[in-house]
Each structure stands twice: as structure tokens, then as C-alpha cells.
Amino acid sequence: MKMLAFTVLSVATLVSASMADTQANPQNTPQQNREQFRQEHFQEMKQKILSHIQQREQFLEELKNCITNAQNHQDMQACRAKHKEELQSIKGQQGIRK
């Protein structure tokens, strides 16, 4: 009888210690992990999109300068042809399909 009481008391002590440890140091729940992943992914995507916008702005500024400096129709056509190839290259790097 004493042995049974000792065993029950030992198990109860271990369970309560285990629960206290869990409450003192809780692990992230799956929802918390998912939310943390979403936030990290959001920041990565935000930076990627801003980088693509910056590339596009630079591309358009170069095209604008080329067309502004064109002296005739042939010069303007050359600008558009050159920049069309560059735009396709940029879209390929960014994974954009037409």
C-alpha cells in the first residue's frame, strides 16, 4: 500500500512539474509558426517587388532618354527595338510571362 501511494505521488509530482515547465516555456503553436512564416515571406516578397519596380523605373528612364535624344524616326525605332529586347530580358529575370 505504501509502495502504491509512493508511486502515485511520484507520478503526480512528475506530471505537475512537466505541466509547470510547459506553461513557463510554451512552444510555438502551428498557427504561430505559420504566422511567423507568412510575415517573413511577406518581407521577402515586398523587397523583391520593390526591386522589380526599381529595375522597371530605371528601364523606363533609359528609354525616355533614348527617345528624347532621337533625331528622326529611325533613331526612335532603334530605341524601341533595343529597349524591347532589354524589357524581355528583365521580364525573363523576374519570371514574368506575357
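Going by the structure above, here's the rest.
Presented here is a report on the structure given in the accompanying data block.

Conventions used here
- Residues numbered from 1 in each chain as written.
- Predicted model: local features only at pLDDT ≥ 70, side-chain atom pairs only at ≥ 80, totals over all residues.
- Heavy atoms only, no water.
- Helix = DSSP H or I, 4+ residues; strand = E, 2+ residues; numbered from the N terminus.
- Buried < 20%, exposed > 50% of the residue type's maximum accessible area, 1.4 Å probe, protein only.
- Areas by Shrake-Rupley, 256 points an atom, 1.4 Å probe, with all protein chains shown as cover.
- Contact = heavy atoms within 4.5 Å.
- Axes fitted to C-alpha atoms, helices over the stretch in contact; angles between N-to-C directions.
- Parallel < 35°, antiparallel > 145°, perpendicular 65-115°, else oblique.
- Nonpolar A, V, L, I, M, F, W, Y, C, P; charged D, E, K, R; others polar.
- Patch = residues over 30% accessible without salt bridge, like charges linked within 9 Å, V, L, I, M, F, W, Y side chains within 5 Å.
- Salt bridge = Lys/Arg side-chain N within 4 Å of Asp/Glu carboxyl O.
- Disulfide = S-S within 2.5 Å.

**As for the overall build of the chain**
Next, step 1: Per the secondary structure count, the chain includes three helices and zero strands.
Next, step 2: N-terminal to C-terminal, the α/β element order of the chain is α-α-α.
Next, step 3: Within the span of the chain, comprising 98 residues, buried residues form 8% of the whole.
Next, step 4: For the chain, the exposed surface amounts to about 9,000 Å²; the carbon and sulfur share of it is 56%.

**Re the environment of Arg56**
Next, step 1: Within the secondary structure, Arg56 sits in helix α2 (residues 30-69).
Next, step 2: Relative accessible area serves as the criterion here: at 36%, Arg56 is assigned to the partly exposed category.
Next, step 3: Separated by 31 residues in the primary sequence, Arg56 and Leu87 place their C-alpha atoms 8.4 Å from one another.

**Focus: the environment of Gln93**
Next, step 1: Turning to its location among the elements, Gln93 is positioned in helix α3 (residues 73-94).
Next, step 2: As for Gln93 and His52, which are separated by 41 residues in sequence, their C-alpha atoms are 9.7 Å apart.

**Thoughts on the side chain of His83**
Next, step 1: The topology assignment puts His83 in helix α3.
Next, step 2: Apart from the residues lying within four places of it in its own chain, the contact partners of His83 are Phe59, Glu62, Leu63 and Cys66.

**Re the packing of α2 against α3**
Next, step 1: As a packed pair, α2 and α3 sit with axes 9 Å apart at the nearest point and diverge in direction by 170 degrees. One way to sum up the angle between α2 and α3 is to call them roughly antiparallel. Packed against α2, whose contacting residues are His52, Gln55, Arg56, Phe59, Glu62, Leu63, Cys66 and Ile67, the element α3 presents Met76, Cys79, Arg80, His83, Glu86, Leu87, Ile90, Lys91, Gln93 and Gln94 at the interface.
Next, step 2: Taken together, the residues that form the contact of α2 with α3 break down as eight nonpolar, five polar and five charged.

**Structural notes on a nonpolar patch on the surface**
Next, step 1: Taken together, the side chains of Met45, Ile49, Leu50 and Ile53 define a hydrophobic patch exposed on the protein surface, amounting to about 340 Å² of accessible area.
Next, step 2: Locating Met45 in the fold gives a position in helix α2.

**Considering the state of the cysteines**
Next, step 1: For the structure shown, the criterion picks out one disulfide.
Next, step 2: Paired through a disulfide, Cys66 and Cys79 show a sulfur-sulfur distance of 1.8 Å. Taking the sign of the S-S torsion, -80 degrees for the link of Cys66 and Cys79, the bridge is left-handed. Here Cys66, found in helix α2, pairs with Cys79, found in helix α3; they are 13 residues apart in sequence, far enough to count as distant.

**Here's the deal with the pattern of salt bridges**
Next, step 1: Applying the stated criterion across every chain, the model contains one salt bridge.
Next, step 2: A salt bridge links Glu86 to Lys82; the nearest nitrogen and oxygen atoms lie 3.8 Å apart. One end of the pair, Glu86, and the other, Lys82, are both in helix α3, four residues apart, so they sit about a helical turn from each other.
Next, step 3: Note on Lys82: relative accessible area 48%, which makes it partly exposed.

Everything listed here is a matter of coordinates, which is why it stays silent on function.
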